[in-house]
Structures are given as C-alpha cells and as structure tokens.
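These are the residues of each chain, in order.
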Amino acid sequence: MKIFNTMTRQKEKFVPITPGEVKMYVCGPTVYDFFHIGNARTFVIFDTVRRYLEYKGYKVSYIQNFTDIDDKLIKRANEEGTTLKELGERFIGEYYKDADALHIERATCNPRATEFVQEIIRFISDLIERGYAYEVDGDVYFNTKSFKGYGKLSGQNLEDLQSGARIGVDERKKDPMDFALWKNKKPGEPAWESPWGEGRPGWHIECSCMSSKLLGETIDIHAGGMDLVFPHHENEIAQSEARSGKKFANYWMHSAYLNINNKKMSKSLKNFFTTREILEEYDAEVVRMFLLSAQYRTPLNFTKELLNSAKLSMERLYNSISNLESLYDEVKNEKVTDEESKYIKIIDEYKEKFESRMDDDFNTADAISVIFELIKDVNINMNINSSKELIRYALDTIRNLGRPLGILQKTTKKTIEDEVEELIQKRQEARKNKDFKLADKIRDDLSARGIVLEDTKAGVRWKYK
C-alpha cells in the first residue's frame, strides 16, 4: 500500500509504527453550525481510508476532535444568549446526526478541546520551559524562529511564509509569524485559570495535545482538508516536535477542495449547501458515491447534474444486485461445477484489481470503476443454470468491495410493510388524478392479500383482516 505524503510530496510505502495497527488523527469540525458538503467530502474520504485499512486487517485507532472553544462559537453563543457548552453540545449532536446519516463510522474517540484544557496548559508550560514559547500580558505565543523545521510541510521557508501571509499586527510578538498558544481573557469570553492568568487555548494547540495524549508522541497518519496544511498543521508540527523532540506524524494526508458549479462555496454567492440539505434530497450512498468519484487529492466539482448521475449509477448497481438475488432464489443447482470454479478465480481477479487501485493512495474513483466492471461481467455470465454457491460468491464479493467505500450495504428485498406503503402511495396518487379504477384495483388487490385499508382524517391506515 502506498500513500501520498504531503510532507515529502511523493507516494510512499505505508509501514505502520506497530505491525497490524494504525494510529490515525483527523481534524474534526468546529461545532458552531451544521457542517457543509465540503466538510462532508473530507469526513467521507478519511472514513473511507479508515474503513479500507480495517478491510485490510489493520486495527485502527481513529481520533477526530471537536473544536468547542473558538471565536466563532463564542460569537454565536453570545448572539443566541446561550452558553458555550450548550451551543457545543447542540451542534455535536447535529454533527452525529448528519455523520451517521452519511454512514460515517464513529471515531474511536471524539475528544473536545474544553475537556483537555489542563493538558493543554501543561503542554504550553513545557514549551515555555524548553524555550519555544513566551508569555506577554497573559497571552502565550510560540516562537516560530526557535523551531528550525518551521515551514517543512507547506514547503516554504519562514521568510516566504511571512511575505505571503495575512498577519495581524501585534507589536508585542517577537515575530509576526509567532502564533497564539494561549489567549488572555476578553470581556464576554469563557476562561480557565492558568499560570498566565485567566484565558483560553489557541486553536492549533488542541490537536497536538489530544493526539499526543491519546495516540502517543509519534502517530502513523495525520489528515485533514488541504486548507489545513498552513497554518494549522504547520503549527501542530512545530509545537509537537518542539516539545517531544520526535517526529509528529509519519504520513500527512490532505483532501482537495470541493467547488460548487466550478466556484468556491460561499454564502455570499448563495451556493452554500449543508450536508443535511443534500441528504434531504439524495440517499446517503448516492452522496458517498459522488464524493468518492474523484481521487481524494483531486478537486471535485459539485453540481446537481453530477449528483443525479451518481444516483443513476447507484441504481444500476442495486438493480444488478437485486437481479442476482432474485436469480439466486430461482436456481436449483446448489454446488459449483468445475467450470464455475474457474469463473470464481475471475471474480477474485476483480477483487485483486479493486485492492490494487485502493492500495495506490486510496484511488476510490478507479476502485468504483472496478466494481462496475465486475457487475457487468457477472451479469453476462450468470443465468438460470448457474449454481447458488457461485451466485452467492459473486454477491458477497460485490457487497464486500462496497463495504470500505460505505456503499452497496442496503438490502434490496422489500418487506411486506414496504410494499403495502408503496401501494397505498400509488393509490393516493391515483385518487388525486381521479383514476378511481386504478385506486379501486389497488384496494381490491390488497384485500385479496388479507389487508384492509381505512381512510381516516389522519391519513390511510392499514391492518390485516
């Protein structure tokens, strides 16, 4: 397996620190609002990376933080007249609703910044003691010039970064590029006691602290969106390695941007979509299929046309699965023949091809194409003379290849309840269109199956006779 390492700008063979185990940290949301479809791409991508590592047999410790202390949270909490804790709790709950709906597996742990304040204070104290940080009027800053490797992730030296960055003027800092580790309390802000007076953590410090506390001083994979390379991840490396003297992460992974109709997503352009809005219109597996339709380092353009295309693609896949499951119920032969044993090897070749695509820096786009190739091949070669064992092997393979992508896991067989509800809906539409002949036929057909319909003010109810 090879991973493109942002640090080295090349694909590298993946070798975990501990054989069979992976320590992975992914930067999570700032919980002051619903997360948008751009965030969803990052979350789905690294959920897929985690799923595939588990598919390959690794035990993955997967940490994703919640930033629940931040300028945006403070501003919104004050505007709503609520507490920071209440606001954070609310949107952490909303995050889980949307992430669960997208079939994103729960992290091993979702630490919150406010739960790690004491650890953060100790972390900052160590940096001051080692000469990498300094205090000014209750604020604590990291001295970027004291860390020789600053800029190595973004590939720029300190002078280049300084000339290209938008830096707030603060004459108290030793250097304009120095960043805040601890912020002195301001009116209307929550605060904690510290050796430097009341205040709160800066943004960058929380991830370094949580990662080292929960996974150790050196981890296998650190990941997030491309927008985090600088300054967030650059600052994480500086403060983490300055404190430990060890390499912070062996592999850095960053997902590319999601554009909306070839433009950057922006509320001012009115092209801003929350994940929840999209999920109200499209099935979660369709959304995942779309978000994984390009390799994660490739920018992806979001349009309704492309989503609709993903919907049609998903329907094709499920129609094929449904047809295979119906065929399985119809065939009489149980065991594979010698000739079918040869075809099982062909199915296995598709599995190997899928894995080779995923092993090449998690190329989900090409991996999805392999699933389509497999299904096309199976559709041509499976028929009423095939054995149940062969059909089941093909179905299990298709389902198993979809699992690391978070797709093709739904049942295609409708329950009686599903069928009745669909027929009731068709009957309602028929009545609305004044097609009473069809409406009566649906009612009579259901009656023949022992199902009675009752038209009430609250809607149509049904029960068995």
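Residues numbered from 1 in each chain as written. Predicted model: local features only at pLDDT ≥ 70, side-chain atom pairs only at ≥ 80, totals over all residues. Heavy atoms only, no water.

## A few points about the sheet that holds strand β8 (residues 199-201)
Now for step 1: Strand order in the open sheet formed by 4 strands is β5-β6-β7-β8, and the pairing between neighbours is antiparallel. The outermost strands of the open sheet, each flanked by one partner alone, are β5 (133-136) and β8. Neighbour to neighbour, the strand axes of the sheet diverge by 20 degrees on average, direction disregarded.
Now for step 2: Two elements, β5 and strand β6 (residues 139-142), share 4 bridges in a ladder whose sense is antiparallel. By the bridge assignment, Ala133 is partnered in β6 with Phe142. (Pairing = 2+ DSSP bridges. Helix = DSSP H or I, 4+ residues; strand = E, 2+ residues; numbered from the N terminus. Axes fitted to C-alpha atoms, helices over the stretch in contact; angles between N-to-C directions.)

## Here's the deal with helix α1 (residues 37-55)
Now for step 1: Helix length check: α1 (19 residues) gives 26 Å between terminal C-alpha atoms against 27 Å at 1.5 Å per residue, within 8%.
Now for step 2: Burial analysis of α1 places 17 of its 19 residues in the buried class, the great majority of the element.
Now for step 3: A positive phi of about 105 degrees marks Gly57, the residue just after α1. (Expected span 1.5 Å × (residues − 1). Buried < 20%, exposed > 50% of the residue type's maximum accessible area, 1.4 Å probe, protein only.)

## Comments concerning the packing of helix α2 (residues 71-80) against helix α3 (residues 84-101)
Now for step 1: Closest axis-to-axis distance for the α2/α3 pair is 9 Å, and the angle between their directions is 105 degrees. Here α2 lies roughly perpendicular to α3, going by the angle between them. Only Leu84, Leu87, Gly88, Arg90 and Phe91 of α3 make contact with α2, whose side of the interface consists of Leu73, Ile74, Arg76, Ala77 and Glu80.
Now for step 2: Among the residues forming the contact of α2 with α3, the class breakdown is 6 nonpolar, 1 polar and 3 charged. (Parallel < 35°, antiparallel > 145°, perpendicular 65-115°, else oblique. Contact = heavy atoms within 4.5 Å. Nonpolar A, V, L, I, M, F, W, Y, C, P; charged D, E, K, R; others polar.)

## A short note on the sheet that holds strand β12 (residues 263-264)
Now for step 1: Taking strand neighbours across the sheet as the criterion, the 3 strands line up as β12-β11-β13 in an open arrangement whose pairing is mixed. On the outer flanks of this sheet lie β12 and β13 (300-302), each paired with one strand and no other.
Now for step 2: Sitting on the sheet, α1 touches β11 (258-260) and β13, and the angle it makes with β11 is about 150 degrees.

## Observations concerning the side chain of Ser387
Now for step 1: Mapping Ser387 onto the fold places it in the loop between α12 (364-381) and α13 (388-402).
Now for step 2: Among the residues examined, Ser387 registers a relative accessible area of 1% and is labelled buried.
Now for step 3: In terms of polar contacts, Ser387 uses its side chain to reach the side chain of Glu340, at 2.8 Å.
Now for step 4: Contacts of Ser387, omitting those with residues within four sequence positions, involve Val331, Asn333, Glu334, Lys335, Val336 and Glu340. (Polar contact = N/O pair within 3.5 Å; in protein donor to acceptor, adjacent residues only side chain to side chain.)

## Here's the deal with unusual backbone geometry
Now for step 1: The step from Phe230 to Pro231 runs through a cis peptide bond, and the omega angle for that step is 10 degrees.
Now for step 2: Along the chain, Pro231 falls in helix α7 (residues 229-244).
Now for step 3: A positive phi is found at Arg9, a non-glycine position, where the angle reads about 60 degrees.
Now for step 4: By the element assignment, Arg9 lies in the loop between β1 (2-5) and β2 (10-13).
Now for step 5: With a phi close to 50 degrees, Asn261 is a non-glycine residue in the positive phi region.
Now for step 6: Secondary-structure assignment places Asn261 in the loop between β11 and β12.

## Topic: the environment of Asp360
Now for step 1: Mapped onto the secondary structure, Asp360 falls in the loop between α11 (338-359) and α12.
Now for step 2: With 359 residues separating them along the chain, Asp360 and Met1 place their C-alpha atoms 6.2 Å apart.
Now for step 3: When near neighbours in sequence (up to four residues on either side) are disregarded, Asp360 contacts Lys2 and Lys11.

## Here we look at the pattern of salt bridges
Now for step 1: All told, the structure shown has 39 salt bridges when counted by the stated rule.
Now for step 2: Between Asp100 and Arg106 there is a salt bridge, with its nearest N and O atoms 2.7 Å apart.
Now for step 3: Notably, a salt bridge pairs Arg200 with Glu189, separated by 3.2 Å at the nearest N-O pair. Linking Arg200 in strand β8 with Glu189 in the loop between β7 (179-184) and β8, this pair joins segments that are 11 residues apart in sequence.
Now for step 4: Note on Arg200: relative accessible area 3%, which makes it buried.
Now for step 5: Overall, the relative accessible area of 14% leaves Glu189 in the buried class.
Now for step 6: Taken together, the salt bridges that share partners define one network made up of Asp47, Arg50, Arg51, Glu54, Glu105 and Arg288. (Salt bridge = Lys/Arg side-chain N within 4 Å of Asp/Glu carboxyl O.)

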